[in-house]
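For reference, the chains in residue letters:
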Amino acid sequence: MTEQTRPLDELLAFPLMEAIFGRRSRRFGLGMSIPSGPLAFTSNYKPHPLSELEQSILVAAATGVTGFNFGIPFTSHRPTEFAHYTERFTGRAAPVNAAIGSPMLFYTDDEGIYLTDVRDFQPSGNSEYEKTDAATRILDVCRRNTLKLGEARLDLPREPPHVLEHNLWVGNAPGSTLFMPVSDTSETFIQMLAIFVGSGYWVFDDTAKKPAGELDRFYKSGLLNEAKPVPLSFVEQGLLTSGAAELAMMCQNTVLTMQAMGLGGWFYSGLNPYSVLGASADQGIKGLGFRFRHDERWSLPDPVGLDGHFETLGPPYQATMREAVQVFADRKFGSGGAFDPKRAGPFLDSPDVKRSVTPYNEEFLDCISTMAQYLHDTYGKFPTIAPRSLLAGYVQAQHIDTEFYDRYYQSGAYLETHAEHMKTWHSEK
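Turning our eyes to something else, we now look at the overall build of the chain. Looking only at helices and strands, the chain features 14 helices and 17 strands. Its C-alpha atoms give the chain a radius of gyration of 23 Å, near enough to 22 Å, the size a compact globule of 429 residues would have. Its C-alpha atoms give the chain principal-axis dimensions of roughly 75 × 55 × 35 Å. In the chain, which comprises 429 residues, the share counted as buried stands at 54%. Of all intrachain contacts in the chain linking residues separated by at least 6 positions in sequence, the fraction that spans at least 24 positions is 74%. Of the roughly 18800 Å² of accessible surface on the chain, a fraction of 54% belongs to carbon and sulfur atoms. The average position of the 38 basic charges and that of the 51 acidic charges among the side chains of the chain differ by 1 Å.

Encoded structure:
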C-alpha cells in the first residue's frame, strides 16, 4: 500500500455493516458556524473542499456503471419471449425502475456545476467490478461522462422560499459538494403504459370518470381488456413513489460511501427543488437552468428538461405525444437500441435473446399515444401531477469538524474514518 493508493485501499476494505450502522447525519463541517442556541459553535478552520478523487468516488457510488443489468426475464403475456420492458441494459450502482435507467446526477461545488450522464454507456461485461483495477475503471467512466455546466456554485440564495429556515446556516455551504439526482417521469410513465397495455390494462381517468382517451377500437381488437381499468390516481401515485425511491437509493449509496471515507454530510430535502432546477430564473436565480412550462391550471410550473442535456418526452421536445412514444420505442427497438441484436448484452447468446422480443407494432404505439395525448390535452402536461423532471432530495458531502462533535456529543458521534480522514485522504495537508 502506497500513500497514493492508501485511501482507495482502505475504502474498499471498509465493512458494509459498519457503514450501515455507523451512518448518521453529520451536518457540521469545517468552516461552519451555528450562531446561537445550546449548540452554538464556530469552526476554527476554513472550509476545505472535497478533492477530485473524493467527488469522483461519490459520483460513482450514486450513478456508476457496474456492468450489464439483467432486465426482466419473463412476462406471462409473452411466454415465449424475453420481457420487453428493458429500455437500457446499462447496470448502475443504484437500482432503476423497470430497467428504464432515466436518472442523471447533477452536482455543484465551489468551482462549478456538473452533470454525470451514464444512461447509455455500454458496459464491457456483466461485472465491471471483477476486472483488474475495477474501482479505477468505474471512476474513470464517471469522469469521462461528466460535463461541466457552469463555472460557479449553484446560485441558491440563503433565504426562504429557496432554503428552509433550518438549513440556512448549512445548505449548499462553501466547501461542500451538493449532489442532486434527477429522474425523467415522462419516460417512466410511457414505460408504465407499455407494461399496462402489454397485459391488456388501460388508464381510467378517475377525476373525469371516463377512459383516458377513445379506446373502443383497442377493446374491439383485443389489445385492451375492458374489464382491466387502472385508476389514473393510482398510476400517478406509483410514478411519484417509484421515482422518488430510485433517486433516494442513489442518495443512500452516496451517504454509505461517505461513512467509509470519513466524510461528513447528510441526505435531506430542505432546498426548494423548483429553485434548484431554475424556476426563479426571471428573478436572476438561474439554478440548474432547466426549462419550465406554465399553465393557469397548475399551482406550480412544470420542469420539462435541460435543453441539450436532459430532454424529457413530450412537448416542447416533441410536437405530440405520438412522436414522444416513438422516441421511446426507438430507444428499445431502433438501431443501437436496447434490443438491437448488434449491441452487446448480458446473456450468453444476447443476439438471440434480443431477437425473441417482438417490437411494438403501430396499434400498440397508437394505444399508448392515445392515452398519453388525452392526459396531456386534458391536464396540459404529462404526467398530470408529478413534475416531469423529478428532484426528490439531495446529499451534501463535506469535511467534518470533529471539534464540534467532541464539544457537544457523547463518544461515538463519529467513526474512526472521520477521525483519520485528513491523515488518510489529505496527507499533504
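If you look at the biggest cluster of nonpolar residues, it comprises 36 residues, and the most contacted ones within it are Ile190 and Met371. For this core, the elements supplying multiple residues, two or more each, are helix H5 (185-198), strand E9 (202-205), helix H6 (216-221), helix H7 (232-261), helix H9 (321-333) and helix H11 (362-379). Sort the elements by how many residues they give to this core and H11 lands first, with eight residues. Every residue in contact with Ile190, bar those within four places of it in the chain, is listed here: Leu313, Met321, Ala324, Val325, Phe328, Ile368 and Phe382.

What follows covers H9. With 13 residues, H9 should reach 18 Å at 1.5 Å per residue; the first-to-last C-alpha distance of 18 Å fits that figure. Close packing links the buried residues of H9 with H5 and H11.

This part is about the environment of Pro359. Relative to the helices and strands, Pro359 is located in the loop between helix H10 (350-355) and H11. Along the primary structure Pro359 and Thr312 are separated by 47 residues, whereas in three dimensions their C-alpha atoms are 22 Å apart.

Take the environment of Leu30 next. Relative to the assigned elements, Leu30 resides in the loop between helix H2 (16-21) and strand E1 (33-34). On the basis of relative accessibility, which here comes to 14%, the residue Leu30 falls in the buried class. Taking the C-alpha atoms as reference, Leu30 lies 42 Å from Trp298; in sequence the two are 268 residues apart. The residues touching Leu30, leaving out its near neighbours within four places in the chain, are Ser43, Tyr45, Lys46, Pro47, His48, His399, Ile400, Asp401 and Met422.

Another aspect to go through is the packing of aromatic side chains. Applying the stated criterion across every chain, the model contains 28 aromatic pairs. Arranged with centres 6.4 Å apart and planes meeting at 75 degrees, the rings of Trp202 and Phe204 form a pair that is edge-to-face. Taking relative accessible area as the criterion, Phe204 reaches 25% and is therefore assigned partly exposed. Between the aromatic rings of Tyr274 and Phe292, the centroid separation amounts to 6.5 Å while the plane-to-plane angle is 45 degrees, which identifies the pairing as tilted. In this pair, Tyr274 is assigned in helix H8 (residues 273-277) and Phe292 in strand E13 (residues 291-293), connecting sequence segments 18 residues apart. The two residues Tyr274 and Phe292 agree in class, both being buried. Aromatic ring contacts, followed pair by pair, group Phe28, Phe41, Trp169, Phe404, Tyr405, Tyr408 and Tyr409 into a single cluster.

Turning our eyes to something else, we now look at the pattern of salt bridges. Per the counting criterion, the structure on display carries 19 salt bridges. Here Glu187 makes a salt bridge to Arg88, at a shortest N to O gap of 3.3 Å. In this pair, Glu187 is assigned in helix H5 and Arg88 in the loop between strand E3 (65-68) and strand E4 (90-92), connecting sequence segments 99 residues apart. No difference in accessibility class separates Glu187 from Arg88, as the two residues are buried. The salt bridge partner of Asp117 is Arg119, with a shortest N-O separation of 3.6 Å. For Arg119, a relative accessible area of 10% gives the class buried.

Taken together, three strands build an open sheet; the order of strands is E10-E9-E11 and the sheet is mixed. Looking at the sheet topology across the chains shown, the edges are occupied by strand E10 (210-211) and strand E11 (229-231). The pairing of E9 with E10 spans two bridges and is antiparallel. If you follow Asp205 over to E10, its bridge partner there is Lys210. Across the sheet, H11 lies against E9 and E10, angled at about 20 degrees from E9, the strand it touches most.

The next point concerns the side chain of Ser43. Looking at where Ser43 falls in the secondary structure, it is placed in the loop between strand E2 (41-42) and helix H3 (52-63). In terms of polar contacts, Ser43 uses its side chain to reach the backbone amide nitrogen of Gly31, at 3.1 Å. Contact partners of Ser43, with chain neighbours within four places excluded, come to Phe28, Gly29, Leu30, Gly31, Met32 and Asp401.

The end-to-end C-alpha distance of H3, which contains 12 residues, comes to 16 Å, matching closely the 16 Å that a straight helix rising 1.5 Å per residue would cover. A large share of H3 lies buried, amounting to 10 of its 12 residues. Inspection of H3 places Glu54, Gln55, Ser56, Ile57, Leu58, Val59, Ala60, Ala61, Ala62 and Thr63 among the buried residues, and these make up the whole buried set.

A surface patch of nonpolar side chains, about 430 Å² in accessible area, is lined by Leu16, Met17, Ile20 and Phe21. Relative accessible area serves as the criterion here: at 35%, Ile20 is assigned to the partly exposed category.

Further remarks concern unusual backbone geometry. Peptide bonds are mostly trans, and most non-glycine residues show a negative phi. Across the junction of Pro160 and Pro161, the peptide omega takes the value 5 degrees, indicating a cis bond. For the bond from Phe382 to Pro383, the omega torsion is -5 degrees, close enough to zero to count as cis. Positive phi, close to 55 degrees, is recorded for Asn172, a residue that is not glycine. Tracing the backbone shows Asn172 in the loop between strand E7 (146-150) and strand E8 (177-184). Residue class for Asn172 comes out buried when judged on its relative accessible area of 6%. Backbone geometry at Lys209 places phi at a positive 60 degrees, although glycine is not the residue there. Within the secondary structure, Lys209 is located in the loop between E9 and E10.

The rules behind each value
Residues numbered from 1 in each chain as written. Predicted model: local features only at pLDDT ≥ 70, side-chain atom pairs only at ≥ 80, totals over all residues. Heavy atoms only, no water. Helix = DSSP H or I, 4+ residues; strand = E, 2+ residues; numbered from the N terminus. Rg over C-alpha atoms; globule rule 2.2 N^0.38 Å. Buried < 20%, exposed > 50% of the residue type's maximum accessible area, 1.4 Å probe, protein only. Contact = heavy atoms within 4.5 Å. Areas by Shrake-Rupley, 256 points an atom, 1.4 Å probe, with all protein chains shown as cover. Lys, Arg positive; Asp, Glu negative; His and termini not counted. Charge placed at Lys NZ, Arg CZ, Asp CG, Glu CD. Core = buried A, V, L, I, M, F, W, Y, C linked by side-chain atoms within 4.5 Å. Expected span 1.5 Å × (residues − 1). Phe/Tyr/Trp six-rings, centres within 6.5 Å; stacked < 30°, edge-to-face > 60°. Salt bridge = Lys/Arg side-chain N within 4 Å of Asp/Glu carboxyl O. Pairing = 2+ DSSP bridges. Axes fitted to C-alpha atoms, helices over the stretch in contact; angles between N-to-C directions. Polar contact = N/O pair within 3.5 Å; in protein donor to acceptor, adjacent residues only side chain to side chain. Patch = residues over 30% accessible without salt bridge, like charges linked within 9 Å, V, L, I, M, F, W, Y side chains within 5 Å.

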